[in-house]
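If you want the building blocks of each chain, they are given just below.
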Amino acid sequence: MVWRKSFSHTRSREKIAGQGRIKFLSIFFIFIAVLLVLRLFKVQILMGDFYAAAAVDQHELHRRFVPERGSIYVAENVNGQEVLFPLVANQDLYMLYAIPREIIDPEATANKLFELFGLPEDINMEQAKSELFADLAPTLDPVLAQEIKDKRLADWLEAQKTLEIDRLKNIFSKVDDPYEPLRHRINEETKEIIESWGIKGLQFQQEVWRFYSEQGMGGHIFGFWGFQGDTRQGSYGLEGYFDEILTGQFGEIFSERDAWGNIITIGSHSLREKVDGSDLILTIDRAIQYKVCQAIHQAVDYFKAQSGAVIVLEPKTGAVLAMCGAPDFNPAEYNQVSDVRVYNNPAIFSAYEPGSIFKVITLAAALDSNSVTPSTVFEDTGSVKIGSDIIKNYDDKIYGSQTMTQALEKSINTGMIFAMRKTTPKVFKKYVEDFDFGRLTGITLDTEAAGDISNLDRRGEIYPATASFGQGITVTPLQVVKAVAAIANGGKLMKPYLVEKIANNQGEMQIIQPEEIRQVISSKTAAVLGAMMVSVVENGHGQPAKVAGYRVAGKTGTAQVSKANGRGYSEEVNTSFVGFAPFNNPRFAMIVVINQPGWGKEATLTAAPVFGEIAKFILQYYNVPYDNK
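Just so it is clear, the structure is predicted and the values come from calculations on it, not from any experiment.

Draft legend 1. Layout of the nonpolar core. Counting 93 residues, the largest nonpolar core has Leu-238, Leu-280, Leu-282, Phe-435, Phe-437, Met-533 and Ile-591 as its most contacted members. Counting residues per element, this core draws most heavily on helix H16 (residues 477–488), at 9 residues. Setting aside chain neighbours within four positions, we find Met-533 in contact with Val-360, Leu-408, Val-484, Ile-487, Val-552, Ala-553, Gly-554, Val-578 and Phe-580. Judged by nonpolar contacts, the second largest core, of 35 residues, contains Phe-303, Ala-305, Phe-588 and Leu-619.

Here it is as structure tokens:
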């Protein structure tokens, strides 16, 4: 009995132990199963895209081919042959990068690179100097002021040197870092110098950058090709407007491959060839462009003006022979500007109240509608009362009996109101619209503005009255010279264009033809008005624009700048001169605008002489025969 009982208890304990092991194993396998499910959920759901991409990378070949960006040329006549001169082209340079974990001596490497490159690329020295010297009083003794500037600049440079060396040393000390870009636009010579050091961990990667062959040719025309995030694209000017055409089309190759990386011949394949970007050939004349840029930069600097612009058009076609703005920027160093507003082209972006140059448009409407003639007389009393407003002449003078020609010569505001009234506000507005004011010209450059003539839609005679002498409406310099070019072209309004030809990578050439918009005034009106504008230069305020031996047609404009709050006008002015030459067979129409000069605040002193200087150069450059001996 005792033995049987003992055996029974033993069997019972073994049975319980066995059940415990089964339960443990069951819990263990359930736990493992849960882990597997969680792992599968993570792999297939949470990280599915990652592993799918990894599988594709193992089993498929996919590569993009970058097209070559198109170049920008001007055409020149050399011994009777057309030769293309590149203004913008591509240049193969290098990016210097570091593999920090391979660099043995971070401090020595940092010092060598600083000795070679100096301060970082993104430091703007001009801006830094401006900030360093901002508090120096203008009345400070010049010798003392220079000593203070030299000391501040030396201390600042020493501090920047320390910061830059420490920055590089910290980068090179990252032992787990496999890649750090250091500097772009390394040329072959600099690359060879760095390679001669034999420093392990400094490597190069080839890059393509834009090369602008001539400085001082006007960055506003070109714009720039720069980084937008991680990609590069054209912005502003031609680079922005024609970005897609200049870029071309990316190529791609796709093919399946086996586990050893070999292409599977019976697998899926696709290939798309890259298409290089098209080239642009401009209407710009390189000699005139250079002269225009030189002249406007000197004028803006000399008169301490806020900005300026010059545009030269060929009247018969609308081709842009030159266009330049100041201040300007270097497209190759677009990221060095202190104010991004400098990217905006003042010739097409900056709409302003034109002032008296708009009087030629008022007279174009009055003459063409047979409302007045050049000899029509009006009585100037010095002012005109419209409702509660009193409009006076710019110089507060009373001229008495004057013809329309004299009103233009002396720039009499009341004479223009007289002409507008004879024309009627409705007809005056129609002519302003027919000259395309208030509309984009369609020039193939980014950031063009349309101006604003909406005041002519408002009720009340005050609005066409002030518009008759260029106040209360805004225009761009390009719109004004386009309109005056129509006067030079027998009344035919032409569309301005800057690109003459587009050549694709197949050698096919698209030629841009001149485009007539409309006959805005009759040829007779154009001839009569042109003669009146010649009288302005010969006898009126436009005399500084004279060129000996030629009849130059033109008009001055000095316009007050409206206050920032839009109520009334400030003491600042914008000055301009617009015209064409020679009168008998116009070779060019041109506008010069100098905005907010610090001194010489009259177009007769600022814009007109610049016009005369450039006009003389163009007439001699074209070897135009005298028409006024």
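Draft legend 2. Highlighting the environment of Ile-284. Considering the arrangement of structural elements, one finds Ile-284 in the loop between strand E10 (279–282) and helix H10 (286–302). Between the alpha carbons of Ile-284 and Met-323 there is a distance of 8.2 Å; along the sequence they are 39 residues apart.

Draft legend 3. Layout of the pattern of salt bridges. Considering all chains together, one arrives at 25 salt bridges under this definition. Put simply, Asp-339 and Arg-341 hold a salt bridge, and the shortest N to O gap is 2.7 Å. For Asp-339, a relative accessible area of 29% puts it in the partly exposed group. Across the pair Arg-551 and Asp-627 runs a salt bridge, and its minimum N-O distance is 3.5 Å. With Arg-551 in the loop between helix H17 (523–539) and strand E21 (553–562) and Asp-627 in the segment after helix H18 (607–621), the pair connects residues that are 76 residues apart, well separated along the chain. Note on Arg-551: relative accessible area 27%, which makes it partly exposed. One network of salt bridges, in which partners are shared, links Arg-69, Arg-210, Glu-239 and Asp-243.

Draft legend 4. Focus on unusual backbone geometry. With omega at 0°, the peptide bond leading from Ala-326 into Pro-327 counts as cis. Relative to the assigned elements, Pro-327 resides in the loop between strand E12 (320–326) and helix H11 (359–368). Here Ala-581 and Pro-582 are connected by a cis peptide whose omega angle stands at -15°. Within the secondary structure, Pro-582 sits in the loop between strand E22 (569–581) and strand E23 (588–595). Despite not being glycine, Lys-304 shows a phi value in the positive range, around 50°. A positive phi angle, near 60°, is found at Asp-396, a position not held by glycine. On the secondary structure map, Asp-396 appears in the loop between strand E15 (389–392) and strand E16 (400–403). On the basis of relative accessible area, Asp-396 is assigned to the exposed category, the value being 57%.

Draft legend 5. Here's a closer look at the side chain of Thr-376. Inspection of the secondary structure puts Thr-376 in the loop between H11 and strand E13 (377–380). Side-chain polar atoms of Thr-376 contact the backbone nitrogen of Thr-373, separated by 2.8 Å. Apart from the residues within four sequence positions on either side, Thr-376 is in contact with Gln-402, Thr-403, Met-404 and Phe-418.

Draft legend 6. Representation of the packing of H11 against H17. Direction vectors running N to C along H11 and H17 enclose 140°, while the axes themselves pass 10 Å from each other. Between H11 and H17, the crossing angle belongs to the class labelled oblique. Handedness of the H11/H17 crossing: right-handed. Contacts between H11 and H17 involve Val-360, Leu-363, Ala-364, Leu-367 and Asp-368 from the first element and Thr-525, Val-528, Leu-529, Met-532 and Met-533 from the second.

Draft legend 7. The arrangement of the packing of H10 against H18 in detail. One can describe the packing of H10 onto H18 by two numbers: an axis separation of 10 Å at closest approach and a directional angle of 165°. Between H10 and H18, the interaxial angle falls into the category roughly antiparallel. Along this stretch, H10 crosses H18, giving a crossing that reads as right-handed. Contacts between H10 and H18 involve Ala-287, Ile-288, Lys-291, Val-292, Ala-295 and Ala-299 on the former and, on the latter, Val-610, Glu-613, Ile-614, Phe-617, Ile-618 and Tyr-621.

The rules behind the values
- Chains are numbered independently. Their residues run from 1 in the order of the written sequence.
- The predicted nature of this model means local features are confined to residues of pLDDT at least 70 and side-chain atom pairs, given and counted, to a pLDDT of 80 or more, with totals for whole chains, interfaces and linings taken over all residues.
- To obtain the side-chain values, all non-hydrogen atoms of the structure were used and water was disregarded.
- Within this scheme, the nonpolar core is defined by two criteria: the residues are buried Ala, Val, Leu, Ile, Met, Phe, Trp, Tyr or Cys, and they are joined through side-chain atoms within 4.5 Å.
- Here the term buried applies to any residue with accessible area under 20% of the maximum for its type, exposed to any over 50%, and partly exposed to those in between, with areas from a 1.4 Å probe on protein chains only.
- Working definition: helices are DSSP H or I runs of at least four residues, strands are E runs of at least two. Numbering for both runs from the N terminus.
- Note on contacts: a residue pair is in contact if any heavy atoms of the two residues lie within 4.5 Å.
- When a carboxyl oxygen of Asp or Glu lies within 4 Å of a side-chain nitrogen of Lys or Arg, that pair is called a salt bridge.
- As used in this structure description, the phrase polar contact means that two N or O atoms lie within 3.5 Å; if the pair is within protein, one of them must be able to donate a hydrogen and the other to accept it, and residues adjacent in sequence are counted only when both atoms belong to side chains.
- Axis angles are defined between N-to-C directions and span 0 to 180 degrees, where every axis is a line fitted to C-alpha atoms and, for a helix, only to the segment in contact.
- These descriptions rest on fixed angle ranges, namely under 35 degrees for roughly parallel, over 145 for roughly antiparallel, 65 to 115 for roughly perpendicular, and the rest for oblique.
- For any helix crossing, the convention is left-handed if the near helix is rotated counterclockwise from the far helix by under a right angle, and right-handed if that rotation is clockwise.

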